Amino acid sequence: MGFPKNFLWGGATAANQCEGGWNEGGKGLADSDVKTSGTLTEPRYITYIDAEGKTGKAVSEYDIPANAKKAVIDGYYYPYHEAIDFYHRYKEDIALFAEMGFKIFRMSIAWTRIFPNGIEEKPNQAGLDFYRNVFLELKKYGIEPLVTIQHYDVPLYLEENLGGWKNRELIKLFDRYTETIFTEYKGLVKYWLTFNEINSVLMFKNLFSNYPMEKVKEDFLLLHHQFVASARAVKRAHEIDPTFLVGCMIAGGPSTYPLTCDPKDVIATQSRLRENIYYAADVMVRGEYPYFAEHIWKKYDVKLDITEQDREDLKNGTVDILTYSYYSTSCCTTHEVTETAGGNLNMGPKNPYLSYSEWGWSFDADGLRYSLNEYYGRYQIPIMVVENGLGAIDTLENDGSIHDNYRIEYIKAHIKAMDQALEDGVDLRGYTPWGCIDLVSASTGEMKKRYGFIYVDKDNNGNGTLDRYRKDSFYWYKKVIASNGEELD
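Worth saying up front: this structure is predicted, and the values here are computed from it rather than measured.

Student: What is the right way to look at unusual backbone geometry in this model?
Tutor: With the exception of glycine, most residues fall at negative phi, and the peptide bonds are largely trans. Here the phi dihedral of L466 falls at roughly 65°; this positive angle occurs in a residue that is not glycine. One can find L466 in the loop between strand 16 (454-456) and strand 17 (468-470). L466 gets classed as buried once you look at its relative accessible area, which sits at 6%. In the Ramachandran plot, N484 falls in the positive-phi region, its phi being about 55° despite a non-glycine side chain. Tracing the chain through its elements places N484 in the segment after helix 14 (472-482).

Student: Honestly, the nonpolar core in this entry has me stumped. Any pointers?
Tutor: A general feature of soluble globular proteins is that nonpolar side chains tend to end up buried together. Counting 136 residues, the largest nonpolar core has Y185, W192 and Y279 as its most contacted members. For this core, the leading source of residues is helix 8 (residues 213-240), giving 12 residues. Ignoring anything within four residues of it in the chain, the contact list for Y185 reads I109, I114, G127, L128, Y131, R132, F135 and W192. Counting residues in each nonpolar core, the second largest holds nine residues, with I104, L193, I321 and V386 among its members.

Student: What is the right way to read helix 9 (residues 263-286) from this model?
Tutor: Residues separated by three or four positions in an α-helix point in the same direction, a consequence of the helix having 3.6 residues per turn. With 24 residues, helix 9 extends just 29 Å between its outermost C-alpha atoms, more than 12% less than the 34 Å of an ideal straight helix rising 1.5 Å per residue. Along its length, helix 9 shows its largest kink, about 50°, at Y278. Two or three places before K264, at the start of helix 9, stands the capping residue D262, its side-chain oxygen 2.9 Å from that residue's backbone nitrogen. Backbone geometry just downstream of helix 9 places G287 in the positive-phi region, at approximately 85°.

Student: Honestly, the sheet that holds strand 3 (residues 55-58) in this entry has me stumped. Any pointers?
Tutor: Sheet strands pair via backbone hydrogen bonds, and the direction of the pair is either parallel or antiparallel. Read from one edge of the open sheet, three strands run 3-2-4, paired in antiparallel fashion. Only two strands of the sheet have a single neighbouring strand rather than two, namely strand 3 and strand 4 (69-70). Where strand 2 (residues 46-49) meets strand 3, four bridges bridge the pair, whose relative direction is antiparallel. Among the inter-strand pairings, T47 is bridged to a residue of strand 3, identified as K57.

Student: Is there a simple way to think about the pairing of strand 14 (residues 383-387) in this case?
Tutor: Regular strands have side chains that alternate between both faces of the sheet. Taken across its five residues, strand 14 has five buried, putting it largely inside the fold. Strand direction decides the pairing type here: strand 10 (residues 321-325) and strand 14, joined by four bridges, are parallel. Each residue of the ladder has a partner; that of L322, found in strand 14, is I383. In this structure, strand 14 lies alongside strand 15 (residues 428-431), joined through three bridges in parallel fashion. Along strand 15, the bridge assignment pairs I383 with L428. With helix 13 (residues 405-424) bridging strand 14 and the parallel strand 15, this β-α-β connection has right-handed handedness.

Rules of the game
Residues numbered from 1 in each chain as written. Predicted model: local features only at pLDDT ≥ 70, side-chain atom pairs only at ≥ 80, totals over all residues. Heavy atoms only, no water. Helix = DSSP H or I, 4+ residues; strand = E, 2+ residues; numbered from the N terminus. Buried < 20%, exposed > 50% of the residue type's maximum accessible area, 1.4 Å probe, protein only. Core = buried A, V, L, I, M, F, W, Y, C linked by side-chain atoms within 4.5 Å. Contact = heavy atoms within 4.5 Å. Expected span 1.5 Å × (residues − 1). Bend = angle between axes of the 7 residues up to and from the residue. Polar contact = N/O pair within 3.5 Å; in protein donor to acceptor, adjacent residues only side chain to side chain. Pairing = 2+ DSSP bridges. Right-handed = clockwise from strand over helix to strand, strands pointing away.

No statement about biological role is implied by the geometric values presented.
Rendered as structure tokens:
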């Protein structure tokens, strides 16, 4: 069948991983600004100052002392502070996206650029102007922005003083934020996503063996508040501009297979999919909690204060489109495991039929076709794949070339899988591979783990010119877009 004529080819980034300018233009401090760099073997740290003025670092939120405040501390390297400096170089980068032929560019707005602490009555004009200029630059080249409203980037003030999304008060603050940007960018932005990988918080309990049960309960609480905030934003968007298309964004990449044909493995896999993916997607697409939610709440002793207004908001704020990230798949088993793999919210036994990257991510293009059919069959609304790609170590040659055939082969296989899903009957509207320009890795804080079609000269320690170079995949993806997915060799 091939890809439809109006298929939206593009790429994806996030503000905290590419913008930089962390303390410019009136921007407030974000949760991401206090995270150090790491590697595959060395974790990222959150830095803090305790009540006695002593500094420290913690691997996770629940390792921070109760009397401490997150803070930027001298002597640590924070890769998000400069990132790849999109804040100053967006015109150069957008011109490169246009050269590739992008139809759409997924990006996010930093809440802290609009409301530095999240509690202000009036927005920060410099922040509004920055994004307006970015959108105008995209429009100049005929590129549609696809804007994520919150992409793992909460004002630190809200985290430290209000308890973050555990506090219902954030719903009202998010109301103000979304009404501001919907009104401000009406006519410039058509496609919106409310929360990035909103369901990812449900996977933490599987990733960390010592994850506290109290945190699990808090995760379900904060997620409920985000569901309500998202639904209210969808309704508000349609009231401000009926042409707005608003989607949810699900961490759908951790599609899970039973490791064996043991029925117990099949049941365990079904349970994990319900808990990690369908619990969230059902609420946002269907407007109510699924029938199995009660079982999940009982399992973790979760008690949510769901008001009648919450139920009404959820029902009136269902999304127009389902979007999700897809990188790899995992396996689930009730049997003893001898060999494990992990990466991007995936942990579990290795699949003997798949190969794996240096970072433990499986290569499974067939899983993309499978997940597209599963999600479309369940929800029957348009779908976009808004994250997909291969993190790898690239080499900048003396002549400025970067030969990344491994990336071409990875994306080619996934484009073929999308083509097959379209032939299956899936209503797939767009594809935005992750990190279309190299950016800071969210999981490790590295630069050497690169995804982009565009190489950025910067290393893990922040050294480099920040110059941009076209990789071999840049020219290949340009050909793919120009042929609407037909020229893949």
